[in-house]
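The residues making up each chain are set out below.
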Amino acid sequence: MIFKNIHPSNYSKVSIALILGGFITIGTAFFFFFSLAEDVVENEQFMIDKMATRLISSIDNPTLSGIMGKITEAGSVPWIATGTVLVLVYLFFMSDKSKWFSFFLLVNMLGISGLTKGLKLLFERQRPDVLEQFDGTGFSFPSGHSTGAITFYGFLFYLIVISNLNKRWKIIINTILGMLTLTVALSRIFIGVHYLTDILAGLTLGLAWLLICIMALELMLWRQRRQRKA
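Residues numbered from 1 in each chain as written. Predicted model: local features only at pLDDT ≥ 70, side-chain atom pairs only at ≥ 80, totals over all residues. Heavy atoms only, no water.

S.K.: Outline a nonpolar patch on the surface, listing residues and values.
M.R.: Taken together, Val85, Val89, Tyr90, Phe92, Phe93 and Met94 make up a surface patch of nonpolar side chains, about 630 Å² in accessible area. Assignment of secondary structure puts Met94 in helix H4 (residues 77-94). (Patch = residues over 30% accessible without salt bridge, like charges linked within 9 Å, V, L, I, M, F, W, Y side chains within 5 Å. Areas by Shrake-Rupley, 256 points an atom, 1.4 Å probe, with all protein chains shown as cover. Salt bridge = Lys/Arg side-chain N within 4 Å of Asp/Glu carboxyl O. Helix = DSSP H or I, 4+ residues; strand = E, 2+ residues; numbered from the N terminus.)

Here you go:
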């Protein structure tokens, strides 16, 4: 729990700050997402997509494409699903953390999966290219690899923050997780199966959902601690 060392008399202020900060971030994220989505529905041609495609084409080469092809697997359904199961097993059976962590990790991952699939069917945006080798099938908006990466690795980021690890190791591990998340998302443009706006929408949606789940978990843990002290 992020606020486990805060004095009980300050819980109300902390909770209010958490809720307000979370809702502002979530509101901003969803506003950005739906602004993009509105233009996607209207079949707008995004200049930012064209610019990103030209930029990547100018620096792309077989070696870089091969590396990105490997990295993109870290956001694939089998990889994320396997990682989620392993973390769930650890949290439920081997960790001394509350079982609520396991529950909200499951809600986090199942929820984003449902949201992503539903929105893809709603917007029906066609991909710039279809490549089954890299899961580049189905509709394009939002990017499933981006939503999956930011929710899964973002939850790991959260677990590292509240862990007892040395501060230096926290910084190192979370920097790696953050870079991995962004690289997985960008790899989808390099291999040509997504537009930049698909990626931005996926990261925005995933971040908003992740924050909702973490806020709900933190408030549940806070309530649990209050009940125990009472």
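S.K.: Give a description of unusual backbone geometry that names residues and reports values.
M.R.: With an omega of -5°, the peptide bond between Phe141 and Pro142 qualifies as cis. Looking at where Pro142 falls in the secondary structure, it is placed in the loop between helix H5 (100-123) and helix H6 (144-161).

S.K.: Requested: an account of helix H2 (residues 47-59), with residues and values cited.
M.R.: For H2, built from 13 residues, the straight-helix expectation of 18 Å at 1.5 Å per residue is met to within 8% by its first-to-last C-alpha distance of 19 Å. The complete set of buried residues in H2 reads Asp49, Ala52 and Ile56. Along the long axis of H2, the arc covered by the buried residues comes to 65°, so they all point the same way. Exposed and facing more than 90 degrees away from the buried side of H2 are Arg54, Leu55, Ser57 and Ser58. The elements touched by buried residues of H2 are helix H7 (167-190) and helix H8 (196-229). (Expected span 1.5 Å × (residues − 1). Buried < 20%, exposed > 50% of the residue type's maximum accessible area, 1.4 Å probe, protein only. Arc of directions from axis to C-beta. Contact = heavy atoms within 4.5 Å.)

S.K.: Summarise the packing of H4 against H6; cite the residues concerned and give the values.
M.R.: Their axes nearest at 10 Å, the elements H4 and H6 cross at an angle of 25°. Comparing their axes, H6 and H4 come out roughly parallel. Considering only the axes of H4 and H6, their crossing is left-handed. Contacts between H4 and H6 involve Trp79, Ile80, Gly83, Thr84, Val87 and Leu91 from the first element and Gly148, Ala149, Phe152, Tyr153, Leu156 and Leu159 from the second. Residues that form the contact of H4 with H6 fall into these classes: nine nonpolar, three polar and no charged. (Axes fitted to C-alpha atoms, helices over the stretch in contact; angles between N-to-C directions. Parallel < 35°, antiparallel > 145°, perpendicular 65-115°, else oblique. Left-handed = near helix turned anticlockwise from the far one by under 90°. Nonpolar A, V, L, I, M, F, W, Y, C, P; charged D, E, K, R; others polar.)

S.K.: Go over the packing of aromatic side chains, please, and point to the residues and values.
M.R.: With the rule as written, the count across this model stands at seven aromatic pairs. Ring centres of Trp100 and Phe103 lie 5.5 Å apart, and the angle between their planes is 85°; on these two criteria the pair is classed as edge-to-face. Of the two residues, Trp100 and Phe103 are both situated in helix H5; the distance of three residues between them amounts to about one turn of the helix. By relative accessible area, which is 42% here, Phe103 ends up partly exposed. (Phe/Tyr/Trp six-rings, centres within 6.5 Å; stacked < 30°, edge-to-face > 60°.)

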